[in-house]
Amino acid sequence: MLGRLATVVVVVAVGAVGVWFLTRATAPPSGLTASDIPALQVTAAQVQPGSAIPVSLTAAEPQAQHNSTSTNTSTGGQPGSLTDWANKVAAATGIPEPAVWGYGNAELAMRTEQPACQLSWATLAGIGRVESDHGQFGGAHLLPNGEESKPVIGIPLDGTGGNRAIPDTDHGALDGDPVYDHAVGPMQFLPSTWVEYASAADASAGNGKADPENINDAAITAARYLCVGGRDMGTASGWWSGLLS
């Protein structure tokens, strides 16, 4: 994960969301400022302790029921829910709504699991933008449930073109290559890293197996990876340490 961050241009805006997002070449929509993006407001009391999928602002929204075209009626939520927030952020930023939902859900989960980490959804959005354009690399797109329309597989890490040589670590199970590893999914995890940190966003959905090609699973796995070891992503040194790890 984070293999291309050496080429990142960092854009930081102070406002409702704190850190805006990372971008390589494209600028935010014309005239957009951080104050245009609704804050992800939820208190610790509104998040189920120990739950992989947290309660959103007003109602639980399991991954299996999440619908990117919904305005909460399909999930039983009310205005102010995670889906409502994700719809507003997607409209303001152009980030696909399933990606915003996954990033926001991961932040809420970390608020319960590791509140001292202070991880922002915007940092996850920056990584998602750099690594796969929020799951849209190579003509792919995110489905309403967070899954990729087709696998997002990075280039072979065979030591050519300035890339590090990383021999296969998963027998091609995730990337289809039994010779060299490839980064996989919208957050571009190396197979070895995914195997170590993989987390399912909603264990009650499907078979509960974490999937690197699902933005909800990938985002929460990235969040736990960034917060490992008690890292504080709310500080400048902690933030850079997390991104460069």
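So, a few notes on the structure that sits alongside this text.

1. Comments concerning the overall build of the chain
And step 1. Regarding its fold elements, the chain presents six helices and zero strands.
And step 2. Counting from the amino terminus, the chain carries its helices and strands in the arrangement α-α-α-α-α-α.
And step 3. When the 245 residues of the chain are sorted by exposure, 51% land in the buried category.
And step 4. The long-range fraction of contacts in the chain, counting pairs at least 24 apart against all pairs at least 6 apart in sequence, stands at 55%.

2. Some words on the side chain of Asp168
And step 1. With respect to the helices, strands and loops of the structure, Asp168 is situated in the loop between helix H3 (121-132) and helix H4 (191-197).
And step 2. Buried charge without a salt bridge: Asp168, with Arg164 as the nearest opposite-charge side chain at an N-O distance of 14 Å.
And step 3. Engagement of the side chain of Asp168 in a polar contact is seen with the backbone nitrogen of Gly172, the distance being 3.0 Å.
And step 4. If we ignore the near neighbours within four places in the chain, the residues touching Asp168 are Asp175, Asp177, Pro178, Val179, Tyr180 and Asp181.

3. Let's talk about the nonpolar core
The tendency in soluble globular proteins is for nonpolar side chains to be buried side by side.
And step 1. Core analysis: the largest hydrophobic core is formed by 41 residues, its most contacted members being Trp85, Val100, Tyr103, Leu119, Trp121, Leu124 and Met187.
And step 2. Elements represented by at least two residues in this core include exactly helix H1 (82-93), helix H2 (97-113), H3, helix H5 (215-226) and helix H6 (236-244).
And step 3. The element best represented in this core is H2, accounting for eight residues.

4. What about H1?
And step 1. Between its first and last C-alpha atoms H1 spans 16 Å; for twelve residues at 1.5 Å apiece the expected length is 16 Å, and the two agree.
And step 2. Most of H1 sits inside the fold, with nine of its twelve residues counted as buried.
And step 3. Within the span of H1, buried status applies to Leu82, Thr83, Asp84, Trp85, Ala86, Asn87, Val89, Ala90 and Thr93.
And step 4. Contacts from the buried residues of H1 go to H2 and H3.
And step 5. One or two residues past the end of H1 sits Gly94, with phi positive at roughly 85°.

5. A few points about the packing of aromatic side chains
And step 1. What the rule picks out here adds up to five aromatic pairs.
And step 2. Here the aromatic rings of Trp85 and Trp121 are separated by 5.3 Å at their centres, their planes lie at 85°, and the arrangement is edge-to-face. Of the two residues, Trp85 is situated in helix H1 and Trp121 in helix H3; the sequence distance between them amounts to 36 residues. For the pair Trp85 and Trp121, one class covers both residues: buried.
And step 3. Arranged with centres 5.1 Å apart and planes meeting at 80°, the rings of Trp239 and Trp240 form a pair that is edge-to-face.
And step 4. Members of the aromatic cluster, connected to one another through ring pairs, are Phe189, Trp194, Tyr197 and Tyr225.

Cut-offs applied
- Residues numbered from 1 in each chain as written.
- Predicted model: local features only at pLDDT ≥ 70, side-chain atom pairs only at ≥ 80, totals over all residues.
- Heavy atoms only, no water.
- Helix = DSSP H or I, 4+ residues; strand = E, 2+ residues; numbered from the N terminus.
- Buried < 20%, exposed > 50% of the residue type's maximum accessible area, 1.4 Å probe, protein only.
- Contact = heavy atoms within 4.5 Å.
- Lys, Arg positive; Asp, Glu negative; His and termini not counted.
- Salt bridge = Lys/Arg side-chain N within 4 Å of Asp/Glu carboxyl O.
- Polar contact = N/O pair within 3.5 Å; in protein donor to acceptor, adjacent residues only side chain to side chain.
- Core = buried A, V, L, I, M, F, W, Y, C linked by side-chain atoms within 4.5 Å.
- Expected span 1.5 Å × (residues − 1).
- Phe/Tyr/Trp six-rings, centres within 6.5 Å; stacked < 30°, edge-to-face > 60°.

On their own, these measurements won't tell you what the molecule is for.
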